Amino acid sequence: MDDREYLVILYDYYGELLNEMQRKCFEDYYFDNLSLAEISENDGKSRNAIHKQIKEVEEKLNYFEEKLNLLEKNRKISNLLKECSDEELVKKIENLI
């Protein structure tokens, strides 16, 4: 998995922990594929400020995963479910995650 994909997955887990401006910058850059210059122009902020904001968000997402491990725990649960033979139990757990 490349860094971009990893950050997008982390955003799915932890995006709500970011403020509105952080979410907007991240989404513009990663989901809408806008350049730093385009985001800067749209938001009326310097390109450097947008770059700094995105880097801060990336660091926060990595920090959240480092402390909470939600993605890693989900992967471990998924791997355990693959080994489980009780299909009813697997479906119930998959609905929870």
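Described below are features of the structure shown in this document.

Side note on the overall build of the protein
Move 1: Of the regular secondary structure elements, the protein holds six helices and zero strands.
Move 2: Each helix (α) and strand (β) of the protein, taken in turn from the N terminus, gives the series α-α-α-α-α-α.
Move 3: Against the compact-globule benchmark of 13 Å for 97 residues, the protein has a radius of gyration of 17 Å, which places it well outside the compact range.
Move 4: Taking the principal axes of its C-alpha atoms as reference, the protein extends roughly 55 × 25 × 25 Å.
Move 5: A burial count over the protein gives 27% of its 97 residues as buried.
Move 6: Counting only contacts in the protein whose residues sit at least 6 apart along the sequence, the fraction spanning at least 24 positions is 51%.
Move 7: Taken as a whole, the protein presents about 6900 Å² of accessible surface, with 47% of it coming from carbon and sulfur.
Move 8: A distance of 4 Å separates the average location of the 15 positive side-chain charges in the protein from that of its 23 negative side-chain charges.

Some words on the side chain of Ser-40
Move 1: The topology assignment puts Ser-40 in helix H3 (residues 36-43).
Move 2: Using a relative accessible area of 12% as the deciding quantity, one classes Ser-40 as buried.
Move 3: Setting aside chain neighbours within four positions, we find Ser-40 in contact with Lys-45, Ser-46, Arg-47 and Ile-50.

Description of the nonpolar core
Move 1: Judged by nonpolar contacts, the single largest core of 16 residues is most densely connected at Leu-18, Phe-26, Ile-50, Ile-54 and Leu-61.
Move 2: Contributing elements (two or more residues each) for this core: helix H1 (3-14), helix H2 (20-31), H3 and helix H4 (47-68).
Move 3: A total of five residues in this core trace back to one element, the largest contributor, which is H4.
Move 4: In contact with Ile-54, not counting residues within four places along its chain, are Cys-25, Tyr-29, Tyr-30, Leu-36 and Ile-39.

Digging into helix H5 (residues 70-83)
Move 1: Between its first and last C-alpha atoms H5 spans 20 Å; for 14 residues at 1.5 Å apiece the expected length is 20 Å, and the two agree.
Move 2: Inspection of H5 places Leu-71, Asn-74 and Leu-81 among the buried residues, and these make up the whole buried set. Here the buried residues of H5 occupy an arc of 85 degrees about the axis, which is enough to place them on one side. In H5, the exposed positions angled more than 90 degrees off the buried face are occupied by Lys-76, Leu-80 and Glu-83.

Quick notes on the rules
Residues numbered from 1 in each chain as written. Predicted model: local features only at pLDDT ≥ 70, side-chain atom pairs only at ≥ 80, totals over all residues. Heavy atoms only, no water. Helix = DSSP H or I, 4+ residues; strand = E, 2+ residues; numbered from the N terminus. Rg over C-alpha atoms; globule rule 2.2 N^0.38 Å. Buried < 20%, exposed > 50% of the residue type's maximum accessible area, 1.4 Å probe, protein only. Contact = heavy atoms within 4.5 Å. Areas by Shrake-Rupley, 256 points an atom, 1.4 Å probe, with all protein chains shown as cover. Lys, Arg positive; Asp, Glu negative; His and termini not counted. Charge placed at Lys NZ, Arg CZ, Asp CG, Glu CD. Core = buried A, V, L, I, M, F, W, Y, C linked by side-chain atoms within 4.5 Å. Expected span 1.5 Å × (residues − 1). Arc of directions from axis to C-beta.

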